[in-house]
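# Observations on the three-dimensional arrangement
Here's the letter readout for the chains.
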Amino acid sequence: MSRKCSRRPAGSIAIEALLLLAAAGLTACGGSAASEAVPQYTYEVVHTYPHDPLAFTEGLFYWNGFLYESAGQPGQSSVRKVRLETGEVVQKRDLPDEYFGEGIVQWKDKLVQLTYQTEVGFVCDFASFAVEREFHYPGEGWALTQDGKRLIMSDGTPQIRFWNPETLEETGRITVTDQGQPVKNVNELEWIKGEIYANIWMTDRIARIDPSSGKVTGWIDLTGLLAPQDRTPRTDVLNGIAYDERAGRLFVTGKYWPKLFEIRLVQRLE
Ligand SMILES: [Ca+2]
């Protein structure tokens, strides 16, 4: 229900109806009048780059000129270092067949990786990708990012966990909510200028999340980003957000997508 309500109202009649409901102390979501409309964003494509259409993207970040990507699926999971401009995989470590690769994050000279339902994570040497140790966590592993102090982890539920980056022990949680309603399927994450960005699985949308409250502070609609002629029966959903902090570049891609995009956000004025 919350997703329908958070969608842009269609036309002035819907807006007038919302205003009337707000005046009556209600909203169309049934919440209080304190709920405010969440800003909506669309996008402009700045650059288009090649992306490996055989990579079932589960984790993505940018560091020092390269993309780092985790690809999932049993028997096909890997961690890759990828040249942005060409999509060339310059370094790769395959996972054992029993693991479905999920989120990755850099922490100092380590790369931390989750697996989907096996409750096992790997701490790897960042330079070589060699596994140095395993660790365990309860529940599913979906995505990782970090804010400079904590690792930030999603598990497919509305909850986002915070971990001590050295011990990998949980230090807290938030529940992602959109105008009071929990948001399910929180997937690939990226820390961007004090906010958590999260792909919502099986949608073309990215939520901007306040890391202290879990509240969604904006919705980014990427509908139409991958053109119909670039899709095959295999092409899967949007997933993968990376941010080049130094240059302020935002990158997104999807599972088995042949392209990766640098995009610029555009706020909808309606
Ligand atoms: Ca990411």
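Look above for the structure.
The following refers to the structure shown. Each chain carries its own residue numbering, running from 1 in the written order of its sequence. In keeping with the model being predicted, local features are shown solely for residues with a pLDDT of at least 70 and side-chain atom pairs are shown and tallied solely at 80 or more, while totals for entire chains, interfaces and linings include all residues. Each side-chain value is derived from all of the structure's non-hydrogen atoms; neither hydrogens nor water enter the calculation.

## Section: the sheet that holds strand β7 (residues 110-115)
Strand order in the open sheet formed by four strands is β6-β7-β8-β9, with antiparallel pairing between adjacent strands. Edge positions in the sheet fall to β6 (101-107) and β9 (131-136), since each of these pairs with one other strand and no more. When the angles between neighbouring strand axes are averaged without regard to direction, this sheet yields 20°. Taken together, the five bridges between β6 and β7 define a ladder with antiparallel strand orientation. Within the sheet, the bridge partner assigned to tryptophan 107 lies in β7 and is lysine 110. Any two strands with at least two DSSP bridges between them are considered paired. The helix count covers DSSP runs of H or I at least four residues long, the strand count covers runs of E at least two residues long, and both are numbered beginning at the N terminus. Here the axes come from fitting lines to C-alpha atoms, over the contacting stretch only for helices, and the angles between their N-to-C directions go from 0 to 180 degrees.

## Let's talk about unusual backbone geometry
Notably, lysine 193 is not glycine yet its phi reads approximately 45°, a positive angle. Relative to the assigned elements, lysine 193 resides in the loop between β16 (186-192) and β17 (195-200). Take lysine 193: its relative accessible area is 70%, and that puts it in the exposed class. For tyrosine 256, which is not glycine, the phi torsion reads 65° and is therefore positive. Type-normalised accessible area, obtained with a 1.4 Å probe on protein chains alone, sets the label of each residue: buried when under 20%, exposed when over 50%, and partly exposed for intermediate values.

## Brief notes about the coordination of the calcium ion
Tetrahedral coordination by four donors places them ideally at 109.5 degrees to one another around the metal; octahedral coordination by six donors ideally gives 90 or 180 degrees. Metal donors: N, O and S atoms at distances within 2.8 Å, or within 3.2 Å for Na, K and Ca, with water omitted from the atom set so that some sites may seem incomplete. Donor atoms from the polypeptide that coordinate the calcium ion comprise Leu60 (O), Glu188 (OE), Glu188 (OE), Leu189 (O), Glu190 (OE) and Ile241 (O), at 2.3 to 2.7 Å from the metal. Read N to C, the donor residues that coordinate the calcium ion are spaced as L-x127-E-L-E-x50-I. Each member of the pair, glutamate 188 as well as glutamate 190, is classed as buried.

## Description of the sheet that holds strand β2 (residues 57-63)
The strands that make up a sheet are held in pairs by hydrogen bonds between backbone atoms, and each pair lies either parallel or antiparallel. With antiparallel pairing, four strands are arranged side by side in an open sheet as β2-β3-β4-β5. Edge positions in the sheet fall to β2 and β5 (89-94), since each of these pairs with one other strand and no more. Averaged over all pairs of adjacent strands, the angle between their axes in this sheet comes to 15°, without regard to strand direction. Pairing geometry for β2 and strand β3 (residues 66-71), over six bridges, is antiparallel. The residue of β3 that forms the bridge with tryptophan 63 is phenylalanine 66.

## Observations concerning the pattern of salt bridges
Any carboxyl oxygen of Asp or Glu that lies within 4 Å of a side-chain nitrogen of Lys or Arg is treated as forming a salt bridge with it. Under the counting rule described, the total for this entry stands at 15 salt bridges. Here glutamate 58 ties to lysine 255 by a salt bridge, and the two come within 3.4 Å at their closest N and O atoms. Of this pair, glutamate 58 sits in strand β2 while lysine 255 is found in the loop between β21 (249-254) and β22 (259-267), placing the two residues 197 residues apart along the sequence. Like lysine 255, glutamate 58 is buried. Note that aspartate 147 and arginine 150 form a salt bridge whose closest N and O atoms lie 2.9 Å from each other. With a relative accessible area of 19%, aspartate 147 lands in the buried category. Residue classification places arginine 150 among the partly exposed residues on the basis of a relative accessible area of 26%. Through salt bridges that share partners, Asp109, Lys110 and Glu132 make up one connected network.

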